[in-house]
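Structural description and commentary
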Amino acid sequence: HMGQVVLIPLKTSALRRYAFEYLEQHDIKLEFDVLGSWQNIRFSGEKRRHLFLVVKEALHNIVKHAQASEVNIEINLHQPIELTVSDNGIGFNPNQEHRGNGLKNMNHRMKQLNGTMMIHRDSCTRICFKLPL
């Protein structure tokens, strides 16, 4: 059927594998936590792709700029879904141009998903994505 959106369980294993392999190449330790069960969470392929690309972009930023040795990805599968990527790097100024495009892309993707993106900086840098189901 054209136009019918196939909803698939949101499995986090592909994301975990990608993050682990990518960060390992750069000697960055990954901690990956999933809270709750994705059993009854259904996502369209497009949503999954956006989410995957958002995380990819966040990790790319960390590798390129943060000088971090550890990254933590936490996915909280309650409503709304929260995905947090944090690192123990040097932090950054979001207004710096070279960081700007990645952040714009992530923001844009989250808007496509009716979600939000927040950046917190304290002892570490945390990017928090929230997705309504």
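Scroll up to find the structure.
Scope of this entry: the structure provided in the associated data block.

The rules behind each value
Residues numbered from 1 in each chain as written. Predicted model: local features only at pLDDT ≥ 70, side-chain atom pairs only at ≥ 80, totals over all residues. Heavy atoms only, no water. Helix = DSSP H or I, 4+ residues; strand = E, 2+ residues; numbered from the N terminus. Expected span 1.5 Å × (residues − 1). Buried < 20%, exposed > 50% of the residue type's maximum accessible area, 1.4 Å probe, protein only. Arc of directions from axis to C-beta. Contact = heavy atoms within 4.5 Å. Pairing = 2+ DSSP bridges.

Re helix α1 (residues 13-24)
- In a regular helix each residue adds 1.5 Å, so 12 residues correspond to 16 Å; α1 covers 16 Å between its end C-alpha atoms and thus fits that length.
- Every buried residue belonging to α1 is among L15, A19, Y22 and L23, and all of these are buried. Angular distribution of buried residues about the axis of α1 spans 90°; they occupy a single face of the element.
- For α1, the elements touching its buried residues are β2 (29-35), α2 (45-66), β4 (70-76) and β5 (81-87).

Some points on the pairing of strand β7 (residues 125-131)
- Taken across its seven residues, β7 has five buried, putting it largely inside the fold.
- Pairing of β5 with β7, which is carried by seven bridges, proceeds in the antiparallel orientation. When the sheet's bridge partners are listed, I81 is paired in β7 with L131.
- With six bridges connecting them, strand β6 (residues 116-121) and β7 associate as antiparallel partners. Across the sheet, the residue bridging to M118 is C128, located in β7.
- Where β6 folds back onto β7 in an antiparallel hairpin, the turn is made up of three residues.

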